[in-house]
Amino acid sequence: CGIFGIYCPDKKLEVAKVTYFGLYALQHRGQESSGIAVNDTGTILYHKDNGLVNEVFNEVVLNHLKGHSAIGHVRYSTTGKNDRENAQPLVVKYRKGHMALVHNGNLVNAHIIREKLEQEGAIFQTTIDSEVIANLISRNRIKSDNIEEAILKTMDEIKGAYSLLILTPNKLIAVRDPYGLRPLVMGKINNSICFASETCALDTVGAEYIRDVEPGEIVTVTKDGIKSTKYRQSFKHLCVFEFIYFARADSYLDGISVYEIRKKLGKQLCKESYVECDIVIGVPDSGTTAAIGFSEEAKIPFSEGFVKNRYIGRTFIKPEQSQREISVRLKLNPLKNNVAGKRVVLIDDSIVRGTTSRKIIKMLRDAGAREVHLRISSPPVLFPCYYGIDTPDRKELIAANYTTQEIAKILGADSLEYLSLEGLNSVFENKLQNFCTACFSGEYITEIPEGFNKYIFE
Ligand code: SF4
Ligand code: MG
């Protein structure tokens, strides 16, 4: 998911519109639903629905959403069904006012907490784990002096990945889980403070980057300024897959350029698995930057292999398998003039189920490519993600079930090589222990409670 928020004390900015553009820049992080809530000193107005940002909002709706602060969300479903009721922001009655909350990430123990709360008679309106968080904050608030204390108590209870933005009657609060699994950055436009999943959203709205919200940090913005509260412990474990695939190439996460990393991944991949060929092509868009790096290192020309239909969202994210099949063909068409008769190195960022690569290789062969050598700029995805990226169960992960040679055969490639974990580590200057790599290494940084199932609430 993608989240954006802004606090504008003097109301000089139209906060809903700024949020709209912020979300537009984060659309790659989720295409299923979009929503914005604004706060006008305690009264929260909101609008949310299934669809892309520009489908859900128009000028009339945005003009109604007036206030001094706003939060917004684009949804990519991992927990909970793709229903309208599951769209965010989640807006709830809370003590003397409303509270609105947006969440990027996935809890691993929401099912346990929810079960307990339901046993005590709690009612839930949605099937998203974010509602568990709202519920706990509200409960913990009763015995706390302020909401930050209630959030700290909630952080003791919830496990997993969460970057949160919360609107209360007089505050905008940003929270990042103690592992910093999902990104969250802070910026400013004049005297307004904003938060976003990625810096590309700050750039879009003309905000100046201040810093990343730290793992385990609660940042509170009020009319009196900014206050930081720290959880009792924190570790750096940002998701490495954000760099490989999920984030936009022009973003910086924890100060590191996504583009630079992708290019280095391509270079490292070439060092490990060079193959003699005529051209290097990338699977648009996710494989392009790594392909440029590979091409530079290999001194083999980079060439455009496909034309991409720009008017389609990311294929992978649509939840139904049938939709995914169609959308690969809708999205890409090979450039026959560039590939016919050529020996091609094809670069992609990752293989999950293998559906995309198989179709793309077939397209290239149909377009006359003589050889197709597939190179992947990340290690094999062997384990599911429980922290908010929609990778499937092990039985659907192709690399968890077949050897690399078998996969090459299934995909129809002349050869296949992945980047090694050591290679990934070297690209991150041997600091990979400061990132989550669980989908490659199986080393989950939290326990995964018994009975955990991403679709538990469906
Ligand atoms: Fe990211 Fe993989 Fe860790 Fe999930 S398991 S948070 S995708 S690195
Ligand atoms: Mg891709």
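> Sorry if this is basic, but what is going on with the nonpolar core here?
What tends to happen in soluble globular proteins is that the nonpolar side chains get buried as a cluster. Within the largest apolar cluster, 50 residues are counted, with the highest numbers of intra-cluster contacts made by F241, Y387, L424 and F428. Here the element with the most residues in this core is helix α8 (residues 240-246); it accounts for 6 residues. When we break this core down by domain, the ones giving at least three residues each are domain 1 (2-235) and domain 2 (259-430). Discounting residues that sit within four places of it in the chain, L424 has contacts with V240, I244, L265, P379, L419, L432 and F440.

> I'm lost on the sheet that holds strand β10 (residues 192-196) in this one. Help?
In sheet architecture, strand pairing relies on hydrogen bonds along the backbone and comes in two forms, parallel and antiparallel. Sheet architecture is open: 7 strands sit in the order β3-β2-β4-β1-β10-β9-β11, paired in antiparallel fashion. Where the open sheet ends on each side, the last strands, each with one partner, are β3 (43-50) and β11 (208-212). On average, adjacent strands in this sheet sit at an angle of 15 degrees to one another, irrespective of strand direction. Bridging between strand β1 (residues 2-7) and β10 involves 4 bridges; their strand directions are antiparallel. The residue of β10 that forms the bridge with F4 is A196. Contacts from helix α1 (residues 15-25) reach β1, β2 (33-40), β4 (69-75) and β9 (185-189) within the one sheet, and its direction differs from that of β4 by about 25 degrees.

> Could you clarify how one ought to interpret the side chain of S378 in this entry?
Relative to the elements of secondary structure, S378 occurs in the loop between β21 (371-376) and α14 (398-401). Separated by 2.7 Å, the side chain of S378 and the backbone oxygen of D349 make a polar contact. Contacts of S378, omitting those with residues within four sequence positions, involve I244, D349, S350, Y418, L419 and F440.

> Any chance you could explain the packing of helix α5 (residues 129-142) against helix α6 (residues 147-157) here in plain terms?
When two helices pack together, their arrangement is captured by the angle between the axes and the distance separating the axes. Their axes nearest at 8 Å, the elements α5 and α6 cross at an angle of 125 degrees. Taken as axis vectors, α5 and α6 run oblique relative to one another. The hand of the α5/α6 crossing is right-handed. Across the interface between the two elements, I133, L136, I137, N140 and R141 of α5 pack against I147, A150, I151, K153, T154 and E157 of α6. Here the residues of the contact of α5 with α6 are counted per class, giving 6 nonpolar, 2 polar and 3 charged.

> Can you walk me through the domain arrangement of the protein in this structure?
Many structure descriptions define interface size as the accessible area lost when the parts assemble. Looking at the assigned domains, one finds that the protein contains domain 1 (2-235) and domain 2 (259-430). The C-alpha centroid of domain 2 is placed 34 Å from the C-alpha centroid of domain 1.

> So what exactly am I meant to see when it comes to the packing of aromatic side chains here?
Think of a pair of aromatic rings as described by two things: how far the centres are apart, and how the planes are tilted against each other in angle. Under the criterion given, the structure shown has 13 aromatic pairs. A ring pair is formed by Y245 and F246, whose centres lie 6.2 Å apart and whose planes are at 40 degrees; its orientation type is tilted. No difference in accessibility class separates Y245 from F246, as the two residues are buried. Of the aromatic side chains, those joined through ring pairs into one cluster are Y76, F241, Y245, F246 and F440.

> Help me out: how do you make sense of the site of ligand 1 in this one?
Around ligand 1 sit R182, C239, V240, F241, C385, Y387, I389, C436, T437, A438 and C439, and that is every residue in its neighbourhood. In this structure, ligand 1 is accommodated by the largest cavity. When contributions to the shell around ligand 1 are tallied by element, the ones reaching two or more residues are α8 and α17 (438-441). Here the residues of the shell around ligand 1 sort into 9 nonpolar, 1 polar and 1 charged.

> Help me understand empty space enclosed by the protein, please; the structure alone is not making it clear to me.
Empty pockets left among the atoms are what a rolling probe the size of a water molecule brings to light. According to the stated counting rule, one finds 3 cavities of 30 Å³ or more in the structure shown. Roughly 80 Å³ of internal volume is contained in the largest cavity. Of the residues that constitute the lining of the largest cavity, the class distribution is 11 nonpolar, no polar and 1 charged.

> Would you explain the pairing of strand β12 (residues 217-222) in this entry?
As a general feature of sheets, a regular strand has side chains that alternate between the two faces. Burial analysis of β12 places 6 of its 6 residues in the buried class, the great majority of the element. Side-chain alternation along β12 places E217, V219 and V221 on one buried face and I218, T220 and T222 on a second face that is also buried. One ladder, built from 4 bridges, connects strand β8 (residues 171-176) with β12; its direction is antiparallel. Each bridged residue has a counterpart across the sheet, and for V175 the counterpart in β12 is I218. Bridging between β12 and strand β13 (residues 225-230) involves 6 bridges; their strand directions are antiparallel. Looking at β13, one finds that E217 is bridged to K230. The hairpin formed by β12 and β13 contains 2 residues between the paired strands.

> I'm lost on the packing of helix α4 (residues 110-119) against α5 in this one. Help?
α5 packs onto α4 with a crossing angle of 55 degrees between their chain directions and a minimal axis gap of 10 Å. Taken together, α4 and α5 sit at an angle that is classed as oblique. In this structure, α4 crosses over α5, and the sense of that crossing is left-handed. Along its contact with α4, which presents A110, I113, R114 and L117, the element α5 presents D129, V132, N135, L136 and R139. Considering only residue class, the contact of α4 with α5 consists of 5 nonpolar, 1 polar and 3 charged.

What counts as what
- Residues numbered from 1 in each chain as written.
- Chains lettered and ligands numbered in written order.
- Predicted model: local features only at pLDDT ≥ 70, side-chain atom pairs only at ≥ 80, totals over all residues.
- Heavy atoms only, no water.
- Core = buried A, V, L, I, M, F, W, Y, C linked by side-chain atoms within 4.5 Å.
- Buried < 20%, exposed > 50% of the residue type's maximum accessible area, 1.4 Å probe, protein only.
- Helix = DSSP H or I, 4+ residues; strand = E, 2+ residues; numbered from the N terminus.
- Domains from an automatic or database assignment.
- Contact = heavy atoms within 4.5 Å.
- Pairing = 2+ DSSP bridges.
- Axes fitted to C-alpha atoms, helices over the stretch in contact; angles between N-to-C directions.
- Polar contact = N/O pair within 3.5 Å; in protein donor to acceptor, adjacent residues only side chain to side chain.
- Parallel < 35°, antiparallel > 145°, perpendicular 65-115°, else oblique.
- Left-handed = near helix turned anticlockwise from the far one by under 90°.
- Nonpolar A, V, L, I, M, F, W, Y, C, P; charged D, E, K, R; others polar.
- Phe/Tyr/Trp six-rings, centres within 6.5 Å; stacked < 30°, edge-to-face > 60°.
- Near = heavy atom within 4 Å.
- 1 Å grid on protein atoms, 1.4 Å probe; cavity = no way out; pocket = protein on both sides within 12 Å on 5 of 7 lines; lining within 4 Å.
- Sits in = over half its atoms within 2 Å of the grid points.
- Points joined across faces, edges and corners; volume = space filled by probe spheres on them.

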